[in-house]
Amino acid sequence: MAENGTDCDQRRIRMSKEQHNGSFTDSSMLSERKRREREERLNIVLWKKPLVTLQYFCLETLLNLKEWTIKLWRRRGVLACAVLALAALTALYYIEGAHQQYVQYMEKKFFWCAYWVGLGILSSVGLGTGLHTFLLYLGPHIASVTLAAYECNSVNFPEPPYPDQIICPDEETAEGSISLWAIISKVRLEACMWGAGTAIGELPPYFMARAARLSGAEPDDEEYQEFEEMLEHAETAQDFASRARVAVQNLVQKVGFFGILACASIPNPLFDLAGITCGHFLVPFWTFFGATLIGKAVIKMHIQKLFVIITFSKHIVEQMVALIGAIPSIGPSLQKPFQEYLEAQRIKLHHKSDSAVPQGENWLSWIFEKLVIVMVCYFILSIINSMAQSYAKRLQQKMYSEEKTK
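Here is what the cut-offs are and how they apply
- Residues numbered from 1 in each chain as written.
- Predicted model: local features only at pLDDT ≥ 70, side-chain atom pairs only at ≥ 80, totals over all residues.
- Heavy atoms only, no water.
- Core = buried A, V, L, I, M, F, W, Y, C linked by side-chain atoms within 4.5 Å.
- Buried < 20%, exposed > 50% of the residue type's maximum accessible area, 1.4 Å probe, protein only.
- Helix = DSSP H or I, 4+ residues; strand = E, 2+ residues; numbered from the N terminus.
- Contact = heavy atoms within 4.5 Å.
- Disulfide = S-S within 2.5 Å.
- Expected span 1.5 Å × (residues − 1).
- Phe/Tyr/Trp six-rings, centres within 6.5 Å; stacked < 30°, edge-to-face > 60°.
- Lys NZ or Arg CZ within 6 Å of the ring centre and 35° of its normal.
- Axes fitted to C-alpha atoms, helices over the stretch in contact; angles between N-to-C directions.
- Parallel < 35°, antiparallel > 145°, perpendicular 65-115°, else oblique.
- Left-handed = near helix turned anticlockwise from the far one by under 90°.
- Nonpolar A, V, L, I, M, F, W, Y, C, P; charged D, E, K, R; others polar.

S.K.: Kindly report on the nonpolar core, identifying the contributing residues and their values.
M.R.: Counting residues in hydrophobic clusters, the biggest one holds 25 residues, and the most contacted among them are Leu138, Val145, Phe157, Ile183 and Trp194. Elements with a minimum of two residues in this core: helix H5 (100-124), helix H6 (133-152), helix H7 (180-186), helix H8 (188-201) and helix H14 (285-311). The leading source of residues in this core is H6, at eight residues. Contacts of Phe157, omitting those with residues within four sequence positions, involve Val145, Ala148, Ala149, Cys152, Tyr162, Ile166, Ile167, Pro169 and Lys186. Residues Val252, Ile260, Ala274 and Phe289 belong to the second largest nonpolar core, which totals 13 residues.

As C-alpha cells, then:
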C-alpha cells in the first residue's frame, strides 16, 4: 500500500510539474531561471547590499503586518473573546484581595514557562538559522543548578532570588545527600517547556506541506522542492545524506506515530523533513504534534538533561580540571582560570543576597557573555536577511506571473 501510494505521489509530482512549466517547452530553462533567481536572492544580505536589504525587510514587515491584520479581522469574534478574557484577567490582577498571592504565583510561573517556550521556538524555527538556545541558555542553567546542588548538598534554593540567582539554603545537610533524581526534578519544568517550544517550532513545515498537498499547488519553498525531488529519485539515492533523508521519510510514512516519536526523541537535524513528510502524506495533526511533543519535551529532553547533569557533577568536573592541568607545558596556565571560576561560583553560592559579594570577572565568563551577544546579533541579522529575501521572492513571483499573462 505504501509503495503504491509513493508511486502515485511520484506520478502526481511529475504531472504537476509538467503543468506548472506551462509556457516553458524546455524544463531546463525553468530550472536555470530558478537557479539564477535563487542566487540573486542569496546576494541580498546586509554585508553586500545593506540599503536594498533594509528596504526589502521593511516592506516585507509591512506586508506581513497587513496579512496578519486581515487574518485577525476575519477572526474578530475570537479576537473579541480574547480581549474580554484579557480585560477580566487584568482586573483580577489589579484588584486587591486574598487572591493576590495566587495571582503572583501564577504570574511568576507563567512568565517562567513562557520564557523557556519562547527560547525553544527560537531554537527550532529560526527563520533559516536557529538560535541555539540549549547551548546558550538551558544547558548553562542546568549546569549551574547541578554545580550548586553538589556544593550546597540541596536543591531547596531560597525563592527569591532563585531562579535569578542561586544561593545555598540556611539549613545544614549531610554531604553526599544530593541525588541525581533531585537535580532532574529541580530543572524538569524549564526543560520540558523548552522541549515543548521546539515541538511548536516544528509546525510550520508540517502546515506548509499539508496546505500544498490539499490545494494541489506547488509552493515556492526550497525545502519542499527538495523533498519532491527526493521522492522522484528515492530509488537511485547514492550519497549518505540522501539515503538518510529517504530513511527518515520511509520511517515516518510506514511506521506513523512511533516513527515520528523515534525521530523526535533523538538529536535529529533532519526532523524538518519529518514535518514536511507528515504534512505531505496528510498525517493527522494530533498524530504528528502529539508524537513530536512527547519525543522532544519528554524523552529527548530527559536524555539531554541527564547528559548535562552527569557532565557537570562534582567528581566529573574535578577530574576534567585535573586533566586540563596535566596537559604538558600549557596545562597549568589553562587550569588556573577554570579553578578561579569554580571557586568564585562557590563563594557566590554561600553569600546571602543582602551581603556583599566579591566582585571580579573571570575571562571564561567574559568570553561566554560575548559569545551569547554575537550569536544573538547573528540571529537578528539572519532574520533581517531572510525577510528581505522573502520580499525579493515576492517580486520574482510577481514578475513571473506578469510574463505568463502576456
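S.K.: Give a detailed account of the state of the cysteines, specifying residues and quantitative values.
M.R.: Here the structure, examined in full by the defined rule, presents one disulfide. Between the sulfur atoms of Cys152 and its disulfide mate Cys168 the distance is 1.8 Å. The S-S bond linking Cys152 to Cys168 shows a torsion near -70°; that makes this disulfide left-handed. Here Cys152 is found in helix H6, whereas its partner Cys168 is found in the loop between H6 and H7, with 16 residues between them in sequence. For the residue pair Cys152 and Cys168, the accessibility class agrees, reading buried in each case.

S.K.: Kindly report on unusual backbone geometry, identifying the contributing residues and their values.
M.R.: One non-glycine residue, Asn153, adopts positive backbone phi at about 55°. With respect to the helices, strands and loops of the structure, Asn153 is situated in the loop between H6 and H7.

S.K.: Report on helix H3 (residues 50-74), specifying residues and quantitative values.
M.R.: Because each turn of an α-helix spans 3.6 residues, side chains separated by three or four positions end up pointing in the same direction. Helix length check: H3 (25 residues) gives 36 Å between terminal C-alpha atoms against 36 Å at 1.5 Å per residue, within 8%. Three or more residues of H3 are buried, namely Thr53, Tyr56, Glu60 and Asn64.

S.K.: Quick one: what's the story with the packing of aromatic side chains, residue by residue and with numbers?
M.R.: For the coordinates displayed, the defined rule picks out 16 aromatic pairs. Consider the rings of Trp112 and Trp116, whose centres lie 5.6 Å apart with planes at 85°: the pair is edge-to-face. Here the residue Trp112 and the residue Trp116 both occupy positions in helix H5, the gap between them amounting to four residues, near one helical turn. Residue classification places Trp116 among the buried positions, given a relative accessible area of 3%. Relative to Phe258, the ring of Phe257 lies with its centre 5.3 Å away and its plane at 85°, an arrangement referred to as edge-to-face. Taking the relative accessible area as the measure of exposure, Phe257 reaches 29% and is therefore partly exposed. A network of ring pairs unites the aromatic residues Tyr206, Phe207, Phe285, Trp286, Phe288 and Phe289 as a single cluster. Above the face of the Trp73 ring, Arg76 is positioned so that its terminal group lies 4.5 Å from the ring centre. One residue, Lys186, lies across the ring of Tyr162, its end atom 4.6 Å from the ring centre.

S.K.: Give a detailed account of the packing of H6 against H8, specifying residues and quantitative values.
M.R.: Direction vectors running N to C along H6 and H8 enclose 165°, while the axes themselves pass 10 Å from each other. The orientation of H6 relative to H8 falls into the category roughly antiparallel. In terms of crossing hand, the pair formed by H6 and H8 is left-handed. Together, Thr133, Phe134, Leu138 and His141 of H6 and Glu190, Ala191 and Trp194 of H8 make up the contact between the two elements. By residue class, the composition of the contact of H6 with H8 is four nonpolar, two polar and one charged.

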